[in-house]
Amino acid sequence: EAAVTQSPRNKVAVTGGKVTLSCNQTNNHNNMYWYRQDTGHGLRLIHYSYGAGSTEKGDIPDGYKASRPSQENFSLILELATPSQTSVYFCASGDINQAPLFGEGTRLSVL
Amino acid sequence: QQKVQQSPESLTVSEGAMASLNCTFSDGTSNNFRWYRQHSAKGLEVLVSIFSDGEKEEGRFTAHLNRANLHVSLHIREPQPSDSAVYLCGSSNNRIFFGDGTQLVVKP
């Protein structure tokens, strides 16, 4: 069954610490996306990827890095986490003309 | 980059009454459009995908696309309290652009 799995589902981090959010898809989609969702801002695109080895900056990339080591996996990395990065993060996979599939989200709190 | 405007911001309807949501895009560069539903900050569920002008029905959910007016709407027939959620519209080519959502409340 097609799926997008995010881990962890919940994370508490300290300011200045490194955080890695992981995403795995079993859909064989070329494109993968990382969004954050905050009240009043909807879904905002952080980074995306067209395939293994590629990463592209989205609309709000500052403070985030991304890594796409394989077709299935796409990670979001916060090298120096800040409280302003407290949010809910969603990963998605998709292709042109195919409905995207979303993970269940990761709730990150940076204290 | 594409801007997506949704209206209304919030909508309350009675169970069984039609609910109508709207979405306007800033340009015509996208080639497909979708409506999503999100319950309580959980993952997004695709309700309807539409690629050409006209109407597309998926169960109780009907989308209408008018590319010339840069407009897509969603009509929910016989809404139920379980349909209470945030509804997002999105346009995409290789990226997905989202509106800020409409909070729908369906009262029993």
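Given the structure is predicted, the values throughout are model-derived calculations rather than measurements. (Residues numbered from 1 in each chain as written. Chains lettered and ligands numbered in written order. Predicted model: local features only at pLDDT ≥ 70, side-chain atom pairs only at ≥ 80, totals over all residues. Heavy atoms only, no water.)

### Things to note about the overall build of chain A
Next up, step 1: Assigned secondary structure in chain A consists of zero helices and eleven strands.
Next up, step 2: Across chain A, helices and strands are ordered from the amino to the carboxyl terminus as β-β-β-β-β-β-β-β-β-β-β.
Next up, step 3: Here chain A has a C-alpha radius of gyration of 13 Å; the compact-globule value for 111 residues is 13 Å, and the two agree.
Next up, step 4: By its C-alpha atoms, chain A is 40 × 25 × 25 Å across when sized along the principal axes.
Next up, step 5: Counting only residues that meet the buried cut, chain A has 51% of its 111 residues in that class.
Next up, step 6: In chain A, the proportion of contacts linking residues at least 24 apart, taken out of those at least 6 apart, comes to 53%.
Next up, step 7: Roughly 5100 Å² of accessible area belongs to chain A as shown, and the carbon and sulfur atoms make up 49% of that amount. (Helix = DSSP H or I, 4+ residues; strand = E, 2+ residues; numbered from the N terminus. Rg over C-alpha atoms; globule rule 2.2 N^0.38 Å. Buried < 20%, exposed > 50% of the residue type's maximum accessible area, 1.4 Å probe, protein only. Contact = heavy atoms within 4.5 Å. Areas by Shrake-Rupley, 256 points an atom, 1.4 Å probe, with all protein chains shown as cover.)

### Some remarks on the interface of chain B and chain A
Note: interface size is frequently given as the accessible area lost on complex formation between the parts.
Next up, step 1: Tallying the contact residues gives 20 residues for chain B and 23 residues for chain A.
Next up, step 2: Interface of chain B and chain A: buried area, both sides summed, is about 1700 Å²; carbon and sulfur atoms make up 52% of it.
Next up, step 3: Run the count over chain B and chain A and you get two residue pairs in polar contact (both at pLDDT 80 or more).
Next up, step 4: Among the elements of the structure, β4 (32-38), β5 (44-50) and β10 (96-98) of chain B are those that each provide at least two residues to the side of chain B that touches chain A.
Next up, step 5: At four residues, β4(B) tops the list of elements feeding residues into the side of chain B that touches chain A. (Buried area = accessible area lost by both parts, 1.4 Å probe. Polar contact = N/O pair within 3.5 Å; in protein donor to acceptor, adjacent residues only side chain to side chain.)

### A short note on the environment of Trp34(A)
Next up, step 1: Note that Trp34(A) resides in strand β4 (residues 31-38).
Next up, step 2: Separated by 24 residues in sequence, Trp34(A) and Gly58(A) have C-alpha atoms that sit 8.7 Å apart.

### A look at the packing of aromatic side chains
Next up, step 1: Within the structure shown, the criterion is met by ten aromatic pairs over all chains.
Next up, step 2: Among the aromatic side chains, those forming a connected cluster through ring pairs are Tyr33(A), Tyr35(A), Tyr48(A), Tyr50(A), Phe102(A), Tyr36(B) and Phe98(B). (Phe/Tyr/Trp six-rings, centres within 6.5 Å; stacked < 30°, edge-to-face > 60°.)

### Things to note about the sheet that holds strand β3 (residues 19-25) of chain A
Residues and elements named next belong to chain A.
Next up, step 1: Strand order across the open sheet formed by four strands is β1-β3-β8-β7, with antiparallel pairing between neighbours. Of all strands in the sheet, those with a lone pairing partner are β1 (4-7) and β7 (65-67), marking the two edges. Sheet twist, expressed as the mean angle between neighbouring strand axes with direction ignored, is 20°.
Next up, step 2: Note that β1 and β3 share four bridges and pair antiparallel. In the strand pairing of β3, Gln 6 is matched with Cys 23. (Pairing = 2+ DSSP bridges. Axes fitted to C-alpha atoms, helices over the stretch in contact; angles between N-to-C directions.)

### Regarding empty space enclosed by the protein
Next up, step 1: The tally for this structure, following the rule as stated, stands at one cavity of 30 Å³ or more.
Next up, step 2: The calculated volume of the largest cavity comes to roughly 80 Å³.
Next up, step 3: Of all elements in the fold, only β4, β9 (87-95) and β10 (98-102) of chain A together with β4 of chain B reach the threshold of two or more residues within the lining of the largest cavity.
Next up, step 4: Looking at which element gives the most residues to the lining of the largest cavity, the answer is β4(B), with three residues.
Next up, step 5: Split into classes, the residues belonging to the lining of the largest cavity amount to five nonpolar, seven polar and two charged. (1 Å grid on protein atoms, 1.4 Å probe; cavity = no way out; pocket = protein on both sides within 12 Å on 5 of 7 lines; lining within 4 Å. Points joined across faces, edges and corners; volume = space filled by probe spheres on them. Nonpolar A, V, L, I, M, F, W, Y, C, P; charged D, E, K, R; others polar.)

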